[in-house]
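Summary of the model geometry
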Amino acid sequence: MSANVTDPIIVLENVDKFFGPFQALKNVSLSVRKGEKIVVCGPSGSGKSTMIRCINRLEEHNSGTIIVNGHELTDKTNDIDAVRSEIGMVFQSFNLFPHMTVLRNLMLAPRLVRKTNKVEAEALARQYLERVRIPEQADKYPIQLSGGQQQRVAIARALCMKPEVMLFDEPTSALDPEMISEVLDVMVDLAREGMTMICVTHEMGFARSVADKVVFMDGGEIVEVAGPTEFFESPRNERTKLFLSQILAH
Amino acid sequence: MSALTGWWDDFFWGSVVVGQVFFVSLILMVVFGLIGAAAKLSKSRVAQRIADAYTVVFRGTPELLVLLLIYFGSAVTLTAIAQLFDPSVKFVDIPPFWAGSFSIALIVGSYATETFRGAFMGVNPGHIEAARALGLSSVQTFFYVRIPEMWRLALPPFGNHMLSLIKDTALISIIGLNETLFAAEQAIGATGKPFTMYIVVGCIYLGFSTIITLTVMALEKYANRHLERAR
Ligand SMILES: Nc1ncnc2c1ncn2[C@@H]1O[C@H](COP(=O)(O)OP(=O)(O)O)[C@@H](O)[C@H]1O
Ligand SMILES: [Mg+2]
């Protein structure tokens, strides 16, 4: 294996994040290698979103080090747009641009950020719509699609930038139960193709089948990191056990 | 109608002036409104206070008074300055066209400030984050996401601001602008038929406001096209 396969693509070291006096991240350290799939879980308010939002600097951390794909994120990172363009992000609430058709949602960033020409951007967009299995929705507006379809468009939109890493923040939490699997299927495909992924999710089936590591957070801290089998079968920390008993109970 | 013989071209050129004032003041009004909204939404306390003062003053004083203050205020100042260099100067003013356009734009811009502020606040912050997460710069995000989204929310009140502007152009006759009302007054002086002449002016303004209303309706339809199709 060459060095860059095993070198971490994302490193967080002793990261603290405060919202006013409230500390949302406490001394968080995590390292993710290229191609790794990390599932992050933990109770509501434990800092999961804050952590992944710090990775593309939607939130600015207060201390510690974050390195993404070789770029250290600091106040002086003047090329944050370029760093962000290498990281795809999928939100719980889809966040498609409502005034643009599906196709234009997908073409916007390649055209503006990558300066791809119109024909190529459209070809790219159609290719990714095919991959998320909704090529026929290209000319619709987001509001005309179901939640599951919107989320797949959002994934395709992020993929059109050919990111090195994909971040998912509870991508299925806003969906009706019958739509969850269509989104998870797309994410599993992506994982199989070797994408580096950090997914905040409580879909434990997904975690078991694709995760290389499961990260459990509570109270702004990373409490436990383990392989999925170990995590589910023999969690070490009491808080992890409690959390697992709660989410597996219902 | 025979009373109007010989006055048609005065009314026509008056209407052209109304159109020109409207066009210039519309652009200025949008500029003032956007600057005002940007100041109100900025983190700077000073900018916020200045914008607050702007909206309080211009929304709280009669429009005619603002127009007179700006026109005569600037004329007094300019005359004083001119007299420093040439004591024989009697009166220097800003052309009524510009003083008038500027004044009504400033007044209606204070209302537009509130409209734009509210519309910008109505843009879903998640959409802005999504744009930034894709690597769009803040300027690109502004033009491709914020503006198109706020625009839909701002359009209905903005249509009303355009109607205010077109009606306010009539005030400018008072500082001597050759627009339709000015033409009517001259025609009245010559023919002694005030009712006819004012009706003509009324019809001209109704024509303008109908065009504006239809335009805004078409724009609203376009801005809401994604919602229309969902029905
Ligand atoms: N913008 C913010 N301002 C203030 N507090 C925030 C903000 N964002 C998150 N928090 C707080 O930080 C904590 C962690 O939030 P979050 O990362 O969203 O948790 P999770 O995603 O695990 O549910 C919560 O207590 C939340 O209230
Ligand atoms: Mg969250």
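Please read these numbers as outputs of a predicted model, since none were measured by experiment.

Each helix and strand counted, chain A has 10 helices and 10 strands in total. Computed over its C-alpha atoms, the radius of gyration of chain A comes to 18 Å, within 12% of the 18 Å expected for a compact globule of 250 residues. Overall, chain A is about 55 × 45 × 45 Å in size when its C-alpha atoms are taken along their principal axes. Here chain A holds 250 residues, and the buried ones make up 55% of them. Partitioning the intrachain contacts of chain A with sequence separation of at least 6 by distance along the chain shows that 65% fall at a separation of at least 24. Of the accessible surface of chain A, which amounts to about 10700 Å², a share of 48% is contributed by carbon and sulfur atoms. A gap of 4 Å separates the mean positions of the 28 positive and 33 negative side-chain charges of chain A.

Residues and elements named next belong to chain A. Taken together, 4 strands build an open sheet; the order of strands is E2-E1-E4-E5 and the sheet is antiparallel. The sheet terminates laterally at strand E2 (22-33) and strand E5 (71-72), the two strands that pair on one side only. Running at roughly 60 degrees to E2, helix H2 (residues 48-55) makes contact with strand E1 (8-19), E2 and strand E4 (63-68) of the sheet.

All names here are of chain B. Two numbers describe how helix H6 (residues 138-168) lies on helix H8 (residues 194-223): the axes approach to 10 Å, and their chain directions differ by 175 degrees. It follows that H6 is roughly antiparallel to H8 by the angle criterion. Across the interface between the two elements, Trp 151, Arg 152, Leu 155, Pro 156, Gly 159, Met 162, Leu 163, Ile 166 and Lys 167 from H6 touch Tyr 205, Phe 208, Ser 209, Ile 212, Thr 213, Val 216, Leu 219, Glu 220 and Ala 223 from H8. Looking at the contact of H6 with H8, its residues break down into 12 nonpolar, 3 polar and 3 charged.

A word on unusual backbone geometry. With a phi angle near 60 degrees, A:Arg57 is a residue other than glycine that sits in the positive phi range. Among the structural elements, A:Arg57 can be located in the loop between H2 and E4.

Residue and element names in this part refer to chain A. In the neighbourhood of ligand 1, the contacting residues comprise Phe 19, Phe 22, Ala 24, Pro 43, Ser 44, Gly 45, Ser 46, Gly 47, Lys 48, Ser 49 and Thr 50. At 3.0 Å from an oxygen atom of ligand 1 is found a main-chain nitrogen or oxygen belonging to Gly 47. The contact in question runs from an oxygen atom of ligand 1 to an N or O atom on the side chain of Lys 48, over 2.8 Å. Its free accessible area being 550 Å², ligand 1 has 59% of it covered by the protein chains. Listing elements by their share of the shell around ligand 1, those giving two or more residues are E2 and H2. By residue number, the principal contributor to the shell around ligand 1 is H2, which donates 3 residues.

Judged by side-chain polarity, B:Phe23, B:Ile27, B:Val31 and B:Ile35 come together as a nonpolar surface patch covering roughly 390 Å² of accessible area. On the basis of relative accessibility, which here comes to 43%, the residue B:Ile27 falls in the partly exposed class.

This brings us to the side chain of A:Lys37. Residue and element names in this part refer to chain A. Relative to the helices and strands, Lys 37 is located in strand E3 (residues 37-41). We note that Lys 37 is buried and unpaired, the nearest opposite charge coming from Asp 212 at a distance of 4.9 Å. Within polar-contact distance, the side chain of Lys 37 engages the backbone oxygen of Met 195 at 2.8 Å. Residues in contact with Lys 37, not counting those within four places in the same chain, are Ala 191, Gly 194, Met 195, Met 197, Val 210, Ala 211, Asp 212 and Lys 213.

Residue and element names in this part refer to chain A. One ladder, built from 8 bridges, connects E1 with E2; its direction is antiparallel. Looking across to E2, one finds that Ile 10 is bridged to Val 32. The turn joining E1 and E2, which pair antiparallel and follow one another in sequence, is formed by 2 residues; a positive phi near 60 degrees is taken by Gly 20.

Here the focus is the sheet that holds strand E10 (residues 221-226) of chain A. All names here are of chain A. Strand order in the open sheet formed by 6 strands is E6-E7-E8-E3-E9-E10, with mixed pairing between adjacent strands. Pairing within the sheet leaves two strands with one partner each, and these edge strands are strand E6 (87-90) and E10. Across this sheet, the average inter-strand angle for adjacent strands is 15 degrees, counted without regard to direction. Sheet topology places strand E9 (residues 213-218) next to E10; 5 bridges connect them, and they run antiparallel. By the bridge assignment for E10, Val 214 is matched with Ala 226.

Attention shifts here to the interface of chain A and chain B. Taken together, the 27 residues of chain A in the interface contact 22 residues of chain B. Interface of chain A and chain B: buried area, both sides summed, is about 2200 Å²; carbon and sulfur atoms make up 63% of it. Interface area lost by chain A to chain B is led by A:His99, A:Leu112 and A:Tyr141, which between them contribute 25%. At the junction of chain A and chain B, the tally comes to 2 salt bridges. We note a salt bridge from B:Arg132 to A:Asp81, for which the minimum N-O separation is 3.1 Å. Viewed at the interface, chain B and chain A are joined by 7 residue pairs in polar contact (both at pLDDT 80 or more). Of all the secondary-structure elements, those providing two or more residues to the side of chain A that touches chain B are helix H3 (80-85), E6, helix H4 (102-112) and helix H6 (147-159) of chain A.

Attention now goes to the packing of aromatic side chains. Per the stated rule, a full pass over the model turns up 10 aromatic pairs over all chains. Considering the side-chain rings of B:Phe12 and B:Trp13, the 5.0 Å spacing of their centres and the 75 degrees angle between planes classify their relative orientation as edge-to-face. Through a chain of ring-to-ring contacts, the aromatic side chains of B:Phe120, B:Phe142 and B:Phe143 assemble into a single cluster. One Lys or Arg, A:Arg157, reaches over the ring of A:Phe97 and ends 4.6 Å from the middle of that ring. Over the face of the ring belonging to B:Tyr222 we find B:Arg225, whose NZ or CZ atom lies 4.1 Å from the ring centre.

All names here are of chain B. Of the residues in chain B, 98% reach a pLDDT of 70 or more, and the chain-wide mean stands at 93. Across chain B, the element-wise mean pLDDT spans from 80 in helix H9 (residues 225-228) up to 97 in helix H5 (residues 125-133). Our summary of model confidence lists the complex with pTM equal to 0.87 and ipTM equal to 0.93.

Among the nonpolar cores identified, the biggest contains 55 residues, and B:Phe11, B:Met29, B:Phe116 and B:Met197 are the most heavily contacted of them. Elements represented by at least two residues in this core include exactly helix H1 (8-41), helix H2 (45-59), helix H3 (63-85), helix H4 (96-121), H6, helix H7 (180-191) and H8 of chain B. Considering every element that reaches this core, the biggest residue donor is H4(B), with 11 residues. Excluding its chain neighbours within four sequence positions, the residues that come into contact with B:Met197 are B:Ala3, B:Leu4, B:Trp7, B:Phe11, B:Ala184, B:Ala187, B:Ile188 and B:Thr191. The next biggest cluster of nonpolar side chains, apart from the first, holds 54 residues, and it includes A:Leu124, A:Leu184, A:Ala191 and A:Ala207.

Here is what the cut-offs are and how they apply
- Residues numbered from 1 in each chain as written.
- Chains lettered and ligands numbered in written order.
- Predicted model: local features only at pLDDT ≥ 70, side-chain atom pairs only at ≥ 80, totals over all residues.
- Heavy atoms only, no water.
- Helix = DSSP H or I, 4+ residues; strand = E, 2+ residues; numbered from the N terminus.
- Rg over C-alpha atoms; globule rule 2.2 N^0.38 Å.
- Buried < 20%, exposed > 50% of the residue type's maximum accessible area, 1.4 Å probe, protein only.
- Contact = heavy atoms within 4.5 Å.
- Areas by Shrake-Rupley, 256 points an atom, 1.4 Å probe, with all protein chains shown as cover.
- Lys, Arg positive; Asp, Glu negative; His and termini not counted.
- Charge placed at Lys NZ, Arg CZ, Asp CG, Glu CD.
- Pairing = 2+ DSSP bridges.
- Axes fitted to C-alpha atoms, helices over the stretch in contact; angles between N-to-C directions.
- Parallel < 35°, antiparallel > 145°, perpendicular 65-115°, else oblique.
- Nonpolar A, V, L, I, M, F, W, Y, C, P; charged D, E, K, R; others polar.
- Near = heavy atom within 4 Å.
- Polar contact = N/O pair within 3.5 Å; in protein donor to acceptor, adjacent residues only side chain to side chain.
- Patch = residues over 30% accessible without salt bridge, like charges linked within 9 Å, V, L, I, M, F, W, Y side chains within 5 Å.
- Salt bridge = Lys/Arg side-chain N within 4 Å of Asp/Glu carboxyl O.
- Buried area = accessible area lost by both parts, 1.4 Å probe.
- Phe/Tyr/Trp six-rings, centres within 6.5 Å; stacked < 30°, edge-to-face > 60°.
- Lys NZ or Arg CZ within 6 Å of the ring centre and 35° of its normal.
- pLDDT = per-residue confidence, 0-100.
- Core = buried A, V, L, I, M, F, W, Y, C linked by side-chain atoms within 4.5 Å.

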